[in-house]
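Here's the letter readout for the chains.
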Amino acid sequence: MKTILFIEDESALQKTVGEILKQEGYEIISALDGRVGLKLAQRKTPDLILLDLILPKLNGFEVLKKLKENSETKNIPVIVLTNLEGIEDIDKAIELGAQSYLVKAQYELKELVEKVKKILNE
Amino acid sequence: MNLLKRIFSKLNIVEQCKKYNISLWQCPQFLFLVMGMIIVVSSLTAYAFGTRYIEDPLTVALIIQLLAGVLLTMATIITRSFERLAEANRLKSEFISVVSHQLRSPLSNLKWTIELLTSGKLGKIEEKQVEYFKIIRENSNRMHELVSDLLTVSRIESAKLPFKKQEFSMQELVDNLIIEYKPLASASNVEVIFKKVDDLPKASSDPSRIKLVMENLLDNAIRYVNEKGKVEIKLSQENNNIRFSVKDNGVGIPEKDKKYIFQKFFRSENVLRHQTKGSGLGLYISKAIIKKAKGKIGFQSEESKGSTFWFIIPIN
């Protein structure tokens, strides 16, 4: 069973997104802040990371940077999931190595699931 | 060299004033420059008249000083008050932007949670509950759209609206638009007609922004129509531009409201009578987009007969 690490501080989303991905047959690991997220990524090496950008303790950009610097985690695909939609943020995330950048407000839940399935099946 | 460039750009009043997003005559820097010139001219005039009619040079000097002093005080007062106006405007835009961003998170959380609930994946929903879930979803979407509109407006006002130019077919855009609006049109009992035009050249602009404008205009046309509505979309080439127009046989715009149509949050009285939901920002946003695309937007309308909204954008 493939594992997805979900780094997101909003518990509502942890619950909703976690539930639908669980129903799709994935194992979900939750992290509510950037520091814990980074630690869990290194410890558990998930198959995919869903990363919010606005996080307590360590923000998403920093987490992304450190993930890509670490040889154990740099090959894990990262989908950035955020409500920040400025071009500067999108460019920065892609430059730091994010595979995909989804603005929550512009996507439906089922579209997110499709995206996850697509990346995990590659 | 760099310093000179920086000084010159600071002095480029027009550009500085555009940042405030207000007209030149309300811009503090420009007004101060104008007042400065008025002071210089009046001082010279006073000197010319003074030396002609007054013997004592010291008296002339005093008069000029007093005149310059009075004008300078006036100039300072006027520009200070406009400065405060511009600052208040900017703070208001910033506030709207901050609040809208904050609202985005809980609203998108709601959106996804509602989607999960209504998908049936958490258990079957009772017959009786379906309708109420629908109400929750629709109202959550309404809030979502309003916040999106507000964010677009604040980006327009801070002149940070991203605009990616590319070549695209207006025809294709309209074809997709009609498919997208089929459900709304049939639900509102409105017939949408589109007369295709052959050999229309490609337009050069940001297709997603232009599509937004088309959506706004078509949305309005469908919503403000009474029973048995008919909406006609036309595309044509006008010199070096492409013209898009939407004609409806709807409620029309009362004469007294016509000059406010493109203003923020403006809802015409007869719209309120017809109870349509909307933020009142659609046309404001559309006008800003068309302006950025270096085009023109306008309308003709007669109350109770209908309206035609149109815009033109350049081909290259």
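The structure we're discussing is the one just above.
Residues numbered from 1 in each chain as written. Chains lettered and ligands numbered in written order. Predicted model: local features only at pLDDT ≥ 70, side-chain atom pairs only at ≥ 80, totals over all residues.

I'd like to hear about the overall build of chain A, residue by residue, with values.
A tally of regular secondary structure across chain A gives 5 helices and 5 strands. If you list the helices and strands of chain A from N to C, you get β-α-β-α-β-α-β-α-β-α. In chain A, which comprises 122 residues, the proportion classed as buried is 34%. Considering only intrachain contacts with a sequence separation of at least 6, the fraction spanning at least 24 residues in chain A is 60%. (Helix = DSSP H or I, 4+ residues; strand = E, 2+ residues; numbered from the N terminus. Buried ≥ 20, exposed ≤ 12 C-beta atoms within 10 Å, placed from the backbone. Contact = placed C-beta atoms within 7 Å.)

Can you break down helix H3 (residues 60-69) of chain A residue by residue, with the values?
Residue and element names in this part refer to chain A. Turning to H3, its buried residues are Gly60, Phe61, Val63, Leu64 and Leu67. Down the axis of H3, the sector holding all buried residues measures 160°, keeping them to one side. Tucked into the core, H3 has its buried residues touching strand S1 (3-7), helix H2 (34-44), strand S3 (48-51), strand S4 (78-82) and helix H4 (87-96). (Arc of directions from axis to C-beta.)

Please provide a residue-by-residue account of the packing of helix H4 (residues 57-118) of chain B against helix H5 (residues 127-157) of chain B, values included.
Residues and elements named next belong to chain B. Orientation of H4 relative to H5, taken along the N-to-C sense of each, is 150°, at an axis distance of 8 Å. When the interaxial angle is binned, H4 and H5 end up roughly antiparallel. The element H4 and its partner H5 pack so that their crossing is left-handed. Counting all contacts with H4, which are made through Ser93, Ile96, Ser97, Ser100, Leu103, Arg104, Leu107, Leu110, Lys111, Ile114, Leu117 and Thr118, the residues of H5 involved are Phe133, Ile136, Arg137, Ser140, Met143, His144, Val147, Leu150, Leu151, Ser154 and Glu157. (Axes fitted to C-alpha atoms, helices over the stretch in contact; angles between N-to-C directions. Parallel < 35°, antiparallel > 145°, perpendicular 65-115°, else oblique. Left-handed = near helix turned anticlockwise from the far one by under 90°.)

Please set out the environment of Phe194 of chain B residue by residue, giving values where relevant.
All names here are of chain B. Mapped onto the elements of the fold, Phe194 is located in strand S2 (residues 190-195). Taking the C-alpha atoms as reference points, Phe194 and Glu232, 38 residues apart in sequence, are found 6.0 Å from one another. Beyond its immediate sequence surroundings of up to four residues, Phe194 is in contact with Val174, Ile178 and Ile233.

Account for the packing of H3 of chain A against H4 of chain A, naming residues and giving values.
Pairs of packed helices are described in terms of their axes, by the angle between the two and the distance that separates them. Residues and elements named next belong to chain A. Where H3 contacts H4, the axes come no closer than 9 Å and their chain directions differ by 20°. Compared by their axis directions, H3 and H4 come out roughly parallel. Taken as a pair, H3 and H4 cross one another with a handedness that is left-handed. Residues Phe61, Leu64, Lys65 and Lys68 of H3 form the contact with H4, whose own contacting residues are Lys92, Ala93 and Leu96. Of the residues belonging to the contact of H3 with H4, the class tally is 4 nonpolar, no polar and 3 charged. (Nonpolar A, V, L, I, M, F, W, Y, C, P; charged D, E, K, R; others polar.)

Before we move on, can you summarise the pairing of strand S5 (residues 100-103) of chain A with the specific residues and values?
On a regular strand, each side chain points to the face opposite its neighbour's, so the side chains alternate between the two faces of the sheet. All names here are of chain A. Examined bridge by bridge, S4 and S5 share 4 bridges and lie parallel to one another. Considered in S5, the bridge of Leu81 is made with Leu102. Regarding topology, H4 serves as the crossover connection from S4 to the parallel S5, and that connection is right-handed. (Pairing = 2+ DSSP bridges. Right-handed = clockwise from strand over helix to strand, strands pointing away.)

Which residues make up the interface of chain B and chain A, and what values go with them?
Between chain B and chain A, the residue contacts involve 12 residues of the former and 14 residues of the latter. Ranked by the residues each element gives to the side of chain B that touches chain A, the list is headed by H4 of chain B, at 8 residues. Residue classes in the side of chain B that touches chain A are distributed as 3 nonpolar, 6 polar and 3 charged.

Hey, could you go over the nonpolar core for me, with residue numbers and the actual values?
Generally speaking, nonpolar side chains in soluble globular proteins are found buried as a group. Judged by nonpolar contacts, the single largest core of 37 residues is most densely connected at Met214, Leu218, Ala221, Val231 and Ile313 of chain B. Contributing elements (two or more residues each) for this core: H5, helix H6 (170-187), S2, helix H7 (207-223), strand S4 (229-238), strand S5 (241-248), helix H9 (282-292) and strand S7 (306-314) of chain B. Residue contributions to this core peak at 7 residues, all from H7 of chain B. When near neighbours in sequence (up to four residues on either side) are disregarded, Val231 of chain B contacts Val190, Val192, Ala221, Ile222, Val225, Val246, Lys247 and Asp248 of chain B. With 31 residues, the next largest nonpolar core counts Leu53, Leu81, Ala98 and Val116 of chain A among its residues. (Core = buried A, V, L, I, M, F, W, Y, C linked by C-beta atoms within 7 Å.)

Any details on the environment of Val41 of chain B? Residues and values, ideally.
Locating Val41 of chain B in the fold gives a position in helix H3 (residues 28-53). Taking the C-alpha atoms as reference points, Val41 of chain B and Ala68 of chain B, separated by 27 residues in sequence, lie 9.9 Å from one another.

So what's going on with the sheet that holds strand S6 (residues 296-302) of chain B? Residues and values would help.
All names here are of chain B. Strand order across the open sheet formed by 5 strands is S2-S4-S5-S7-S6, with mixed pairing between neighbours. Only two strands of the sheet have a single partner each, and these edge strands are S2 and S6. When the angles between neighbouring strand axes are averaged without regard to direction, this sheet yields 15°. The pairing of S2 with S4 spans 6 bridges and is parallel. Within the sheet, the bridge partner assigned to Ile193 lies in S4 and is Glu232. Contacts between H6 and the sheet are confined to S2, S4 and S5, with S2 contributing the most and set at about 170° to the helix.

So what about unusual backbone geometry? Which residues, and what values?
Residue and element names in this part refer to chain A. Phi at Thr45 is positive, roughly 35°, even though this residue is not glycine. Along the chain, Thr45 turns up in the loop between H2 and S3. Take Thr45: there are 13 C-beta atoms within 10 Å of it, and that puts it in the partly exposed class. A positive phi angle is found at Lys57, which is not glycine, with a value near 70°. For Lys57, the location among the structural elements is in the loop between S3 and H3.

An account of the sheet that holds S1 of chain A is needed here, citing residue identities and associated values.
Remark on secondary structure: sheet strands pair via backbone hydrogen bonds, oriented parallel or antiparallel. Residue and element names in this part refer to chain A. In spatial order, the strands read S2-S1-S3-S4-S5; together these 5 strands make up an open sheet with parallel pairing. Looking at the sheet topology across the chains shown, the edges are occupied by strand S2 (27-31) and S5. In this sheet, neighbouring strand axes are inclined to one another by 20° on average, regardless of whether the strands run parallel or antiparallel. When S3 meets S4, the two strands line up parallel, connected through 3 bridges.

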